[in-house]
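The residues making up each chain are set out below.
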Amino acid sequence: MTASLDGTNLRILVTGGAGFLGSHLCDRLLEEGHDVLCVDNFYTSTRRNIVHLLDHPNFELMRHDVTFPLYVEVDRIYNLACPASPIHYQRDPVQTTKTSVHGAINMLGLAKRTGARILQASTSEVYGDPEIHPQTEGYWGNVNPIGVRSCYDEGKRCAETLFFDYRRQHNLEIKVARIFNTYGPRMLPDDGRVVSNFIVQALEGRDITIYGDGSQTRSFCYVDDLVEGLIRLMESDAEVTGPINLGNPGEFTIKQLAEKVVALVGGPSGPTSRLVFEPLPSDDPTQRQPDITKASEILGWEPKVRLDEGLPRPVDYFRTLLRKN
């Protein structure tokens with residue numbers, strides 16, 4: 001069990017707690033006996049993700065937008081609030097930037113007032129379209145500051161800046177995790193991410209849409225592994241601030257992922273889909289693979305779930321979800 005230094009359980013705030021990743025984190029923290037305050041404005045999340053927690057005696061749900069200050073008493077803050085898929089964060093790019101920047105300022109202010117330790121869910125997108133491979137935490141990135149994705153990329157980069165300035169100026173206990181592609185149950189069926197896109201298209205018997213020629217690469221981390229990494233980082237020694245890459249270093253082309261999904265969903269009695277290719281979106285990275293040396297050495301963390309093992313789980317989730325709808 002993750003506990004505070006005096007052995008008591010913790011009051012933990014999870015912003016974006018009704019989202020895909022946040023809801024799994026809430027599950028895990030409650031399993032460890034902590035009191036969890038889930039804060040979400042439900043812009044890109046759904047109550048379906050946390051409905052099973054509503055009657056839990058240690059769980060509280062608050063509808064709130066982190067771009068406004070929040071006044072609560074907590075010991076830990078996991079700041080996960082922000083649209084994380086291109087479709088969602090490009091829908092209202094100004095609000096996306098506000099969520100990253102104003103949200104960071106407000107949560108850091110809360111941490112400063114309460115003395116809470118705070119973790120920022122940053123992203124591999126801070127590396128942009130990388131010129132080194134795999135990406136290490138020392139790489140400063142190759143980001144277009146005025147492109148269609150910059151609301152998210154630069155918003156997260158600015159949030160990291162704020163975290164380290166609060167550390168230097170106010171001696172806050174901060175943690176920064178750079179999260180690479182994560183997948184699992186509770187992803188949204190229409191979030192535009194490759195895993196959910198491919199699975200839903202295959203289950204519905206539609207063509208699998210690949211942007212570009214499919215040779216661009218991604219690394220896919222199962223959500224339970226990612227949650228374990230976040231908790232280990234949060235509870236690491238105070239001098240460990242990050243940024244630390246969290247992701248599965250197994251690298252696959254987008255075409256390989258599509259073929260795995262088609263093989264998994266298809267078969268003698270299942271739907272069949274063909275691969276179709278569309279132009280690559282602006283500023284879409286051609287390579288993405290984490291160097292997790294720091295996570296391994298400092299946190300003792302490495303992902304355990306291989307893609308072939310984890311992929312059937314969101315397939316089953318989406319199959320059930322589509323039947324209900």
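Our subject is the structure that appears above.
Residues numbered from 1 in each chain as written. Predicted model: local features only at pLDDT ≥ 70, side-chain atom pairs only at ≥ 80, totals over all residues. Heavy atoms only, no water.

Trainee: Go over the layout of surface pockets with me, naming the residues and quoting the values.
Mentor: Its volume calculated, the second largest pocket comes out at about 230 Å³. Lining of the second largest pocket is provided by Val126, Tyr127, Glu137, Tyr139, Trp140, Gly141, Arg157, Glu160, Thr161, Phe164, Arg178 and Pro243. Looking at the lining of the second largest pocket, the element that brings in the most residues is helix H4 (residues 150-170), giving 4 residues. Each residue belonging to the lining of the second largest pocket can be placed in one class, and the counts come to 6 nonpolar, 2 polar and 4 charged. (1 Å grid on protein atoms, 1.4 Å probe; cavity = no way out; pocket = protein on both sides within 12 Å on 5 of 7 lines; lining within 4 Å. Points joined across faces, edges and corners; volume = space filled by probe spheres on them. Helix = DSSP H or I, 4+ residues; strand = E, 2+ residues; numbered from the N terminus. Nonpolar A, V, L, I, M, F, W, Y, C, P; charged D, E, K, R; others polar.)

Trainee: Residue-level account of the pattern of salt bridges, with values.
Mentor: Throughout the structure, instances matching the rule amount to 20 salt bridges. For Glu154, the salt bridge is made with Arg157, and the minimal N-O distance between the two is 3.0 Å. Placement of both Glu154 and Arg157 in helix H4 is noted, with a separation of 3 residues, approximately one turn of the helix. Since its relative accessible area comes to 27%, Arg157 is described here as partly exposed. Between Arg193 and Asp191 there is a salt bridge, with its nearest N and O atoms 3.1 Å apart. Residue class for Arg193 comes out partly exposed when judged on its relative accessible area of 26%. Residue classification places Asp191 among the buried positions, given a relative accessible area of 3%. Residues joined by salt bridges that share partners form a network here, namely Arg28, Glu32, Glu228 and Arg232. (Salt bridge = Lys/Arg side-chain N within 4 Å of Asp/Glu carboxyl O. Buried < 20%, exposed > 50% of the residue type's maximum accessible area, 1.4 Å probe, protein only.)

Trainee: Kindly report on the sheet that holds strand E3 (residues 59-63), identifying the contributing residues and their values.
Mentor: Within the open sheet, the 7 strands sit side by side as E3-E2-E1-E4-E5-E6-E11. Their pairing is parallel. Looking at which strands have only one partner, the edges of the open sheet turn out to be E3 and strand E11 (244-246). Direction aside, the axes of adjacent strands within the sheet are offset by 20 degrees on average. With 4 bridges connecting them, strand E1 (residues 11-15) and strand E4 (residues 76-79) associate as parallel partners. Its bridge partner lying in E4, Thr15 is registered against Asn79. Helix H3 (residues 93-114) rests against E1, E4 and strand E5 (117-123) of the sheet, and its axis sits at about 175 degrees to E4. The strands touched by H4 are E5 and strand E6 (174-179); relative to E5, the strand with the most contacts, the crossing angle is about 155 degrees. (Pairing = 2+ DSSP bridges. Axes fitted to C-alpha atoms, helices over the stretch in contact; angles between N-to-C directions. Contact = heavy atoms within 4.5 Å.)

Trainee: Summarise the packing of aromatic side chains; cite the residues concerned and give the values.
Mentor: As enumerated under the stated definition, the model contains 5 aromatic pairs in all. Aromatic pair Tyr127 and Phe180: ring centres 6.2 Å apart, planes at 40 degrees, arrangement tilted. One end of the pair, Tyr127, is in the loop between E5 and H4; the other, Phe180, is in the loop between E6 and strand E7 (182-183), and 53 residues separate them in sequence. Since its relative accessible area comes to 0%, Tyr127 is described here as buried. Ring centres 5.4 Å apart and planes at 70 degrees place the aromatic pair Tyr317 and Phe318 in the edge-to-face group. No difference in accessibility class separates Tyr317 from Phe318, as the two residues are buried. (Phe/Tyr/Trp six-rings, centres within 6.5 Å; stacked < 30°, edge-to-face > 60°.)

Trainee: How would you sum up H3? Please name residues and give values.
Mentor: With 22 residues, H3 ought to run about 32 Å at 1.5 Å a step, and its terminal C-alpha atoms sit 31 Å apart, in line with that. In H3, a bend of some 25 degrees at Thr99 exceeds every other bend along the element. Of the residues making up H3, those classed as buried are Thr96, Thr99, Ser100, Val101, Gly103, Ala104, Asn106, Met107, Leu108, Leu110 and Ala111. Against E1, E4, helix H2 (86-91), E5 and H4 lie the buried residues of H3. Where H3 terminates, the next one or two residues include Gly115, which has phi positive at roughly 75 degrees. (Expected span 1.5 Å × (residues − 1). Bend = angle between axes of the 7 residues up to and from the residue.)

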